[in-house]
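Residues per chain, in single letters:
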Number of protein chains: 2
Amino acid sequence: MSDTTGLRIVLASRPDGRPQPTDFRIEQVPVPTPGEGEVLLRVLYLSLDPYMRGRMSAAKSYAPPVEIDATMEGGTVAEVVASNDPAFKAGDLVLSHSGWQTHAVAKTQGLRKLNPDIAPISTALGVLGMPGFTAYSGLLTIGQPKAGETVVVAAATGPVGSAVGQIAKLKGCRTVGIAGGPDKVAFLTETLQFDVALDHRDPNFAAKLKEACPDGIDIYFENVGGAVWDAVMPLLNTYARIPVCGLIAFYNATSLPPGPDRMPLLMRTALTKSLTIRGFINAEFSSQLPDFFNDMSGWIRQGKVRYREDIVEGLENAPEAFIGMLEGKNFGKLLIKVG
Amino acid sequence: MSDTTGLRIVLASRPDGRPQPTDFRIEQVPVPTPGEGEVLLRVLYLSLDPYMRGRMSAAKSYAPPVEIDATMEGGTVAEVVASNDPAFKAGDLVLSHSGWQTHAVAKTQGLRKLNPDIAPISTALGVLGMPGFTAYSGLLTIGQPKAGETVVVAAATGPVGSAVGQIAKLKGCRTVGIAGGPDKVAFLTETLQFDVALDHRDPNFAAKLKEACPDGIDIYFENVGGAVWDAVMPLLNTYARIPVCGLIAFYNATSLPPGPDRMPLLMRTALTKSLTIRGFINAEFSSQLPDFFNDMSGWIRQGKVRYREDIVEGLENAPEAFIGMLEGKNFGKLLIKVG
């Protein structure tokens, strides 16, 4: 790598189930030259997020897939190296969507300048970025938390779950967080202020969840699916709300699980309990972004919302870190330190 | 039966799957005497509705089950025979919840007087009653129909579905009705103004539904489940709304269908399409009842909403009529003419 050569990671093949390192390919490429109204960016941080697993597949979803041999997509924090737009100058720090690469050219309309005095720039990819906003908009708009209600959050040390739990707590809810392994479970109550923390790997997890929710569950923030959802479903109260923003347990699945077919059970539960099951992508609520920045940066300043980052050095380590994240190996918001 | 002896139908046993005539028992009972603030009612019409299947089972639901040897529950239109409340006099017509019997004593707080000059009294059990209100509140509040959207309705000649389709049409939607058999299908377009009518018994039903919904489905009003839902699910648009008020296809099921387990498929579809799946019981929306009566009676007067009743004579025929309804044998709102 030099001033004229960069690195990028492309999608080499579509994974069959769990992604393999060979589904990615790292390439040396010439650093591009910005055109009119564009800037050249040097990527500092790359965000790794579960949604990227969907982009690796050709299956229809809410966004088109990454093409084979194309650079993997992703949110990034970058530094402006050269600018053909007077509004941006070399050294400016920006939020961009430059993907898995060291350098990128970007049109400036898509960039947001970051002020490192307000918050560490990496938070623009986490608690003050897409994951934090997913938590904020999904919990407040769909979940409609009310004081005294019980809110259950899976993947609760992750960037979305940790924000959901802390915002719910700020709204006066009783919060039950679920994570995998003793370190994460301890972090839930000790740092993230969850009222109860449970380990989904515990063989008695379902019974313990029931015990932890003596008044049932009013909101379940779904970003996992699988066994956690199975344990949650019987505990849901009448009028419970289930914002669905992710289903990481299923992302590597190559076929549906064996029967019986529980789809009718889910529909019957929705009927008899007047459930609201609502899938969403944060972009739907983008009009709430100013409120989000205002509220969330205030909560962070006041120490009411805490966050944890899991930073891996080197773009070349992104595939392995990403594959591990799909199995819950990260602890906190997973970022690649690229620059 | 005389002035002093009446008939009632009690739950003799809990059905195992499809209810059998022997799950009911008809009994002669003395006509009761009203106490202070009560009236004696002679039942004229008994409403038969799918929800009653749930009350026959001990499984937990949104309402407690009917006890063994207790009178089957149900909405009724009745005539006051004797009154111990000055606000009610003999000959008054009322809506009551007197169940499957010829006579009943009732507290007057629970009664609503009916004016036969405004609409036929039987409509208080159908288009101007619980089924019509289920359609109105579920479609307007959960479905949020917008002009130009495609609304699909199952059991579309039934009292709920027929009202859903016609209200959706009044809101400027394109309506696709589904029913079983050529007579019902013809009725959908000829009388109920559906834009398209489909027979769910057609072996090419799923393909025809797709053809009938070239712009996808924005609202699916779910009161059926089963094969209709299976055909609807792939056609749902982003942000589609699915008010769930019934699942008659599953009510007689004694076990879940064989696999694969499609529950993850349903959750994934909710996620990728930002679906709203919302179970409800009309009572949740009771504050809308005045608007409902006002709107619906106006639409009926103006000929904009039509309804069809399927009236069976004689309380003794209620079990057979009810069992048939669960299999779609009724054509329109099923009522027992008791008096």
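Since we're looking at a predicted model, the values are computed, not measured. (Residues numbered from 1 in each chain as written. Chains lettered and ligands numbered in written order. Predicted model: local features only at pLDDT ≥ 70, side-chain atom pairs only at ≥ 80, totals over all residues.)

**Things to note about the relation of the copies chain A and chain B**
For the record, the criterion: Copies overlap after least-squares fitting; the atoms used are the C-alpha atoms of residues with pLDDT of at least 70 in both. Think of it this way: build a C-beta for each residue from its backbone, and any pair within 7 Å is a contact.
Placing chain A over chain B gives an RMSD of 0.0 Å and needs a rotation angle of 180°, together with 0.0 Å of translation along the axis. What the superposition gives is, in effect, a two-fold axis relating one chain to the other. No C-alpha of chain A lies nearer the rotation axis than that of Gly-259 of chain A, which sits 1.6 Å from it. Mapped onto chain B, 100% of the interface residues of chain A again fall at the interface, so both copies present the same surface.

**Quick notes on the packing of helix H2 (residues 130–143) of chain A against helix H3 (residues 159–170) of chain A**
Residues and elements named next belong to chain A. The criterion, for reference: Only the stretch in contact is used when a helix axis is fitted, and all axes are lines through C-alpha atoms; the angle between N-to-C directions ranges over 0 to 180 degrees. In DSSP terms, a helix is any run of H or I states spanning at least four residues, a strand is any run of E spanning at least two, and both are numbered starting from the N terminus. An angle below 35 degrees is treated as roughly parallel, one above 145 as roughly antiparallel, one from 65 to 115 as roughly perpendicular, and anything else as oblique. Should the near helix be turned anticlockwise from the far one by less than a right angle, the crossing is termed left-handed; should it be turned clockwise, right-handed. Ten residue types, Ala, Val, Leu, Ile, Met, Phe, Trp, Tyr, Cys and Pro, are classed as nonpolar, four, Asp, Glu, Lys and Arg, as charged, and the remainder, Gly among them, as polar.
Contact geometry for H2 and H3: axes closest at 8 Å, N-to-C directions at 45°. Classified by the angle their axes make, H2 and H3 are oblique. Note on packing geometry: the crossing formed by H2 with H3 is right-handed. On the side of H2, the interface is formed by Pro-131, Gly-132, Thr-134, Ala-135, Tyr-136 and Leu-139, while H3 contributes Pro-159, Val-160, Ala-163, Val-164, Ile-167 and Ala-168. Looking at the contact of H2 with H3 residue by residue, the classes come out as 10 nonpolar, two polar and no charged.

**Considerations on the packing of H2 of chain A against helix H8 (residues 289–301) of chain A**
Residues and elements named next belong to chain A. Relative orientation of the contacting elements H2 and H8 amounts to 105°, with a least axis distance of 10 Å. By the angle class used here, H2 and H8 are roughly perpendicular. In contact with Gly-132, Phe-133 and Tyr-136 of H2, H8 contributes Leu-289, Phe-292 and Met-296. The residue inventory of the contact of H2 with H8, partitioned by class, reads five nonpolar, one polar and no charged.

**Things to note about the sheet that holds strand E9 (residues 174–179) of chain A**
Note the cut-off: Note: two strands are recorded as paired if DSSP finds a minimum of 2 bridges between them.
Pairing is mixed in the open sheet, where 12 strands are placed in the order E10(A)-E9(A)-E8(A)-E11(A)-E12(A)-E13(A)-E13(B)-E12(B)-E11(B)-E8(B)-E9(B)-E10(B). Each end of this open sheet is capped by a strand with a single partner; those strands are strand E10 (196–199) of chain A together with strand E10 (196–199) of chain B. Within the sheet, the average angular offset between the axes of one strand and its neighbour, ignoring direction, is 15°. Sheet analysis places strand E11 (residues 217–221) of chain B next to strand E12 (residues 236–244) of chain B, joined by two bridges and oriented parallel. Of the residues in E12 of chain B, the one forming a bridge with Ile-219 of chain B is Arg-241 of chain B. Strand contacts of H2 of chain A: strand E11 (217–221), strand E12 (236–244) and strand E13 (276–279) of chain A, with the helix running at about 145° to E12 of chain A, the strand carrying the most contacts. Across the sheet, helix H5 (residues 205–212) of chain A touches E9 and E10 of chain A, and the angle it forms with E10 of chain A is around 170°.

**A short note on the domain arrangement of chain A**
Residues and elements named next belong to chain A. Quick reminder of the rule: Domain start and stop points were drawn from an automatic or database domain assignment.
Along its sequence, chain A is carved into domain 1 (5–123 + 308–337) and domain 2 (130–284). Look at where the C-alpha atoms of domain 1 and domain 2 centre, and you get two points 28 Å apart. The interface is formed by 15 residues belonging to domain 1 together with 13 residues belonging to domain 2. Residue classes in the side of domain 1 that touches domain 2 are distributed as four nonpolar, five polar and six charged.

**What to know about unusual backbone geometry**
Inclusion rule: The exposure label follows from counting other C-beta atoms within 10 Å of a residue's C-beta, where the C-beta atoms are placed from the backbone and the thresholds are 20 or more for buried and 12 or fewer for exposed, leaving partly exposed in between.
Residues Gly-259 of chain A and Pro-260 of chain A are joined by a peptide bond in cis, for which omega reads 5°. For Pro-260 of chain A, the position within the fold is in the loop between E12 and helix H7 (263–272). Of note, the phi angle at Gln-144 of chain B is positive, near 50°, even though the residue is not glycine. Examined against the element boundaries, Gln-144 of chain B turns out to sit in the loop between helix H2 (130–143) and strand E8 (150–153). Positive phi outside glycine occurs at Gln-193 of chain B, with the angle close to 65°. In this structure, Gln-193 of chain B sits in the loop between helix H4 (182–190) and E10. The class of Gln-193 of chain B is partly exposed, set by 18 C-beta atoms lying within 10 Å.

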